[in-house]
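Spelled out, the chains give:
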Amino acid sequence: MARSPLILAASATAALPRTAISSVSALTENSGGRFDSALATTDDGRDVVVRMPASDEASSDLAAEARALHALTAGVRALLPFAVPEVLGEAGSGAQRVLVVDHIDGYRIDPAHLPKGPGYAPAIGAALAAVHALPVSIVRTDGLPVRSPEQVRDDVKRLLDRADATGRVSDDLMLRWRRAVDVDDLWRFESAVVLGGATSASVVLADDEHDVPHVVGILEWGGLSVGDPAVDLRWLASAPLAADDVHEGYAAAGERSPDPLLRERARFYAELEFARWLVHGHDAGESDVVADAVALLDALADGVRGDHIVPDSRSDIDDAMALVESVPPVAAPAVVDTSMQTDAYDPEALSLYLSAERDRVAAAEALAEALDDHDPDADTGAIHVDQLPARDDVDPEETAPLDLDGWDDDDARTQGPALRGETATTSLWGSSAVSGDAGEGAEPAIRAHRDSAEPDPSPVDDEEDAARASRAALRRWGVADDTV
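Quick caveat: nothing in here was measured; it's all calculated off a predicted structure. (Residues numbered from 1 in each chain as written. Predicted model: local features only at pLDDT ≥ 70, side-chain atom pairs only at ≥ 80, totals over all residues. Heavy atoms only, no water.)

Trainee: Where do I start with the overall build of the protein chain in this structure?
Mentor: Scanning the protein chain from terminus to terminus reveals 17 helices and 9 strands. Scored against the burial criterion, the 484 residues of the protein chain give a buried share of 31%. Considering only contacts within the protein chain whose residues lie at least 6 apart along the sequence, 66% involve residues at least 24 apart. (Helix = DSSP H or I, 4+ residues; strand = E, 2+ residues; numbered from the N terminus. Buried < 20%, exposed > 50% of the residue type's maximum accessible area, 1.4 Å probe, protein only. Contact = heavy atoms within 4.5 Å.)

Trainee: Sorry if this is basic, but what is going on with the side chain of Arg-265 here?
Mentor: Structurally, Arg-265 can be placed in helix H9 (residues 262-284). The residues touching Arg-265, leaving out its near neighbours within four places in the chain, are Leu-186, Trp-187, Phe-189, Asp-228, Ala-230 and Asp-259.

Trainee: Hey, could you run me through the environment of Arg-168 in this one?
Mentor: Assignment of secondary structure puts Arg-168 in the loop between helix H6 (149-165) and helix H7 (171-181). We classify Arg-168 as partly exposed; its relative accessible area is 39%. For the pair Arg-168 and His-282, spaced 114 residues apart in sequence, the C-alpha separation works out to 9.9 Å. If sequence neighbours within four positions are ignored, Arg-168 has contacts with Leu-278, Val-290, Val-294 and Leu-297.

Trainee: Looking at this model, I keep getting lost on H6. Mind explaining?
Mentor: Every α-helix winds through 3.6 residues per turn, so residues three or four apart in the chain are directed the same way. With 17 residues, H6 should reach 24 Å at 1.5 Å per residue; the first-to-last C-alpha distance of 25 Å fits that figure. All buried positions along H6 are accounted for by Pro-149, Val-152, Arg-153, Val-156, Leu-159, Leu-160 and Ala-163. Buried residues of H6, seen end-on, are gathered within an arc of 120° and therefore sit on one face of the element. H6 presents Glu-150 and Ala-165 as exposed residues on the side facing more than 90 degrees away from its buried surface. In this structure, the buried residues of H6 make contact with H7 and H9. Looking one or two places after H6, you find Gly-167, whose phi comes out positive at around 70°. (Expected span 1.5 Å × (residues − 1). Arc of directions from axis to C-beta.)

Trainee: What is the right way to look at the pairing of strand S8 (residues 213-218) in this model?
Mentor: Every regular strand shows the same layout, with side chains that alternate between the two sheet faces. Where strand S7 (residues 203-207) and S8 come together, 5 bridges link them in antiparallel fashion. When the bridges of S8 are listed, Asp-207 appears paired with Pro-213. (Pairing = 2+ DSSP bridges.)

Trainee: Can you help me understand the nonpolar core in this one?
Mentor: Taken as a class, soluble globular proteins show a tendency for nonpolar side chains to be buried jointly. Among the nonpolar cores identified, the biggest contains 82 residues, and Phe-82, Trp-177, Trp-187, Trp-221 and Phe-268 are the most heavily contacted of them. Excluding residues that lie within four positions of it along the chain, Phe-82 makes contacts with Ala-127, Ala-130, Val-131, Val-215, Val-216, Gly-217, Ile-218 and Trp-221. (Core = buried A, V, L, I, M, F, W, Y, C linked by side-chain atoms within 4.5 Å.)

Trainee: Help me understand the packing of aromatic side chains in this model?
Mentor: Any pair of aromatic rings gets described here by the distance separating the centres and the angle formed by the planes. Taken as a whole, this structure holds 2 aromatic pairs when the rule is applied. Ring centres 6.4 Å apart and planes at 75° place the aromatic pair Tyr-107 and Tyr-120 in the edge-to-face group. Taken together, the residues Tyr-107 in the loop between strand S5 (98-102) and helix H4 (120-132) and Tyr-120 in helix H4 connect sequence positions 13 residues apart. Residue Tyr-107 is classed as partly exposed on the basis of its relative accessible area, which comes to 27%. You can call Tyr-120 partly exposed: its relative accessible area is 25%. (Phe/Tyr/Trp six-rings, centres within 6.5 Å; stacked < 30°, edge-to-face > 60°.)

Trainee: So what exactly am I meant to see when it comes to the side chain of Ser-202 here?
Mentor: Mapped onto the elements of the fold, Ser-202 is located in the loop between strand S6 (192-194) and S7. Within the structure, Ser-202 has its side chain in polar contact with the side chain of Glu-220 (distance 3.3 Å). Here Ser-202 is in contact with Arg-108, Gly-217, Ile-218, Leu-219 and Glu-220, once residues within four sequence places are set aside. (Polar contact = N/O pair within 3.5 Å; in protein donor to acceptor, adjacent residues only side chain to side chain.)

Trainee: How do you make sense of helix H2 (residues 56-71) when you look at a structure like this?
Mentor: The terminal C-alpha atoms of H2 lie 24 Å apart, and with 16 residues this matches the ideal 22 Å at 1.5 Å per residue to within 8%. Taken together, the buried positions of H2 are occupied by Ala-58, Ser-59, Leu-62, Glu-65, Ala-66, Ala-68, Leu-69 and Ala-71. Elements that come into contact with the buried residues of H2 comprise strand S2 (35-42), strand S3 (47-53), helix H3 (74-77), strand S4 (87-91), S5 and helix H5 (137-141).

Trainee: What should I look at first to understand unusual backbone geometry in this one?
Mentor: For residues other than glycine, phi is negative in most cases, and the peptide bonds are mostly trans. Its identity is not glycine, yet Asp-211 carries a phi of approximately 60°, on the positive side. A relative accessible area of 61% means that Asp-211 is categorised as exposed. Its identity is not glycine, yet Glu-220 carries a phi of approximately 60°, on the positive side. Here Glu-220 lies in the loop between S8 and strand S9 (225-227).

Trainee: What is the right way to read the pattern of salt bridges from this model?
Mentor: Two side chains that carry opposite charge are able to pair once their charged atoms sit near each other. Scanning the entire structure with this criterion turns up 20 salt bridges. Two residues, Arg-34 and Asp-61, come together in a salt bridge whose shortest N-O distance is 3.7 Å. Of this pair, Arg-34 sits in the loop between strand S1 (21-26) and S2 while Asp-61 sits in helix H2, and the two are 27 residues apart along the sequence. The class for Arg-34 is partly exposed, based on a relative accessible area of 30%. (Salt bridge = Lys/Arg side-chain N within 4 Å of Asp/Glu carboxyl O.)

Trainee: What should I look at first to understand the packing of H9 against helix H10 (residues 287-303) in this one?
Mentor: Any two packed helices are characterised by the angle at which their axes cross and by the distance between the axes. Look at H9 against H10: their axes get within 8 Å of each other, and the N-to-C directions meet at 155°. In terms of orientation, H9 and H10 fall into the roughly antiparallel class. Relative to H10, the crossing made by H9 is left-handed. Where H9 approaches H10, its residues Glu-271, Phe-274, Ala-275, Trp-277, Leu-278, His-280, Gly-281 and His-282 are matched on the opposing element by Val-289, Val-290, Asp-292, Ala-293, Val-294, Leu-296, Leu-297 and Leu-300. Taken together, the residues of the contact of H9 with H10 sort by class into 11 nonpolar, 3 polar and 2 charged. (Axes fitted to C-alpha atoms, helices over the stretch in contact; angles between N-to-C directions. Parallel < 35°, antiparallel > 145°, perpendicular 65-115°, else oblique. Left-handed = near helix turned anticlockwise from the far one by under 90°. Nonpolar A, V, L, I, M, F, W, Y, C, P; charged D, E, K, R; others polar.)

Trainee: Could you clarify how one ought to interpret a negative patch on the surface in this entry?
Mentor: On the surface, Glu-57, Glu-286, Asp-288 and Asp-292 cluster together into a negatively charged patch. Position of Asp-288 among the secondary structure elements: in helix H10. Overall, the relative accessible area of 54% leaves Asp-288 in the exposed class. (Patch = residues over 30% accessible without salt bridge, like charges linked within 9 Å, V, L, I, M, F, W, Y side chains within 5 Å. Areas by Shrake-Rupley, 256 points an atom, 1.4 Å probe, with all protein chains shown as cover. Lys, Arg positive; Asp, Glu negative; His and termini not counted. Charge placed at Lys NZ, Arg CZ, Asp CG, Glu CD.)

And the structure:
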């Protein structure tokens, strides 16, 4: 039976010594019937909220609320852009625990009535992002729960095992959940400070002078811990119209690294609330709770049939082949050529390019032919005597006489037997020389021939000058005949 506001006011005096309560009224906080609450006014004009647990189970929730509010010191509260209830006093224990906190004036909106668009939804998303940006040390220091992504994943697995053990969850729904648990990418997130069970009804709003809503406070801090930020967004399953705007406001105000699968995990946690409700009714032996949970699970299974929490972007080969075969064939036109039908195609520019290309090819072919017919001696100026035209007054078979004046026997010996008119049998290159039967005089002749190859250091005589002049004249004569 719920306590009356007068009983709550009387209990508040125990938590606030030397303070009198001047007025009291009932207060509805959308706490799911867990707490009995009242709004009281003290003799000094302060408005305070008085809470007491509605059951023994709710007493632990109220104790966790008090512990979390004590952990939020003045320095931590200064990091938040809104107010947090401050503990004014507490007394009792168990079901008789009394908690008195200050009152934050404003209004709240249930998730089902949260409108889309700018205003409420983005403001609520930004407020949740501010909570998730708090340093995790405030939770660790006070001994509050801290869960890593691996621990969060293990908690979900244990919940699924307990729900599956009841035998009241359909196979399709259980397969959907276990498939999501097995997706590694779903559990790659950065743990943060979370409220653990907040909804839009936990956020206190107020309008400024321009009727623009702002978040002025957040209630229900009992689930304060370090864990998955998606837990604080699972309530968006009850606010489908405003979900996109809340996520947009959350992302715009967030200072954390992007979480690509935040929405998928939030949706997953929302579905698991039905499994949690089933496990609670099964463990408590409350058949009405079990029946309610089964009805919710059956409706969920019908609504998500054929859907996956984490969409699989990989296509099956059979599906791809079926898709290709389902495409009707299209006959290509036989005459129309669309190879050059592009936005950058210019017919005039193409014609000029093709003309220049043809000229280039023709020039290259002409150059190749010219190189084939080209005389390599034309570049060096070399003249071949055997190619000179024959003169009419000269017998080609007649040889010029040799002037042997000045030659002595010693010169003849040094010049070799060939110049002395000897036969091939006594020549250096004769058969006797080749066969190795040369006489004793062969070796001096060869030695003298090698010595004659050495340059003569004596100055050039007049006969050599005359011979050089004769050769130059002969060369000019041959060139003159070619030009006639």
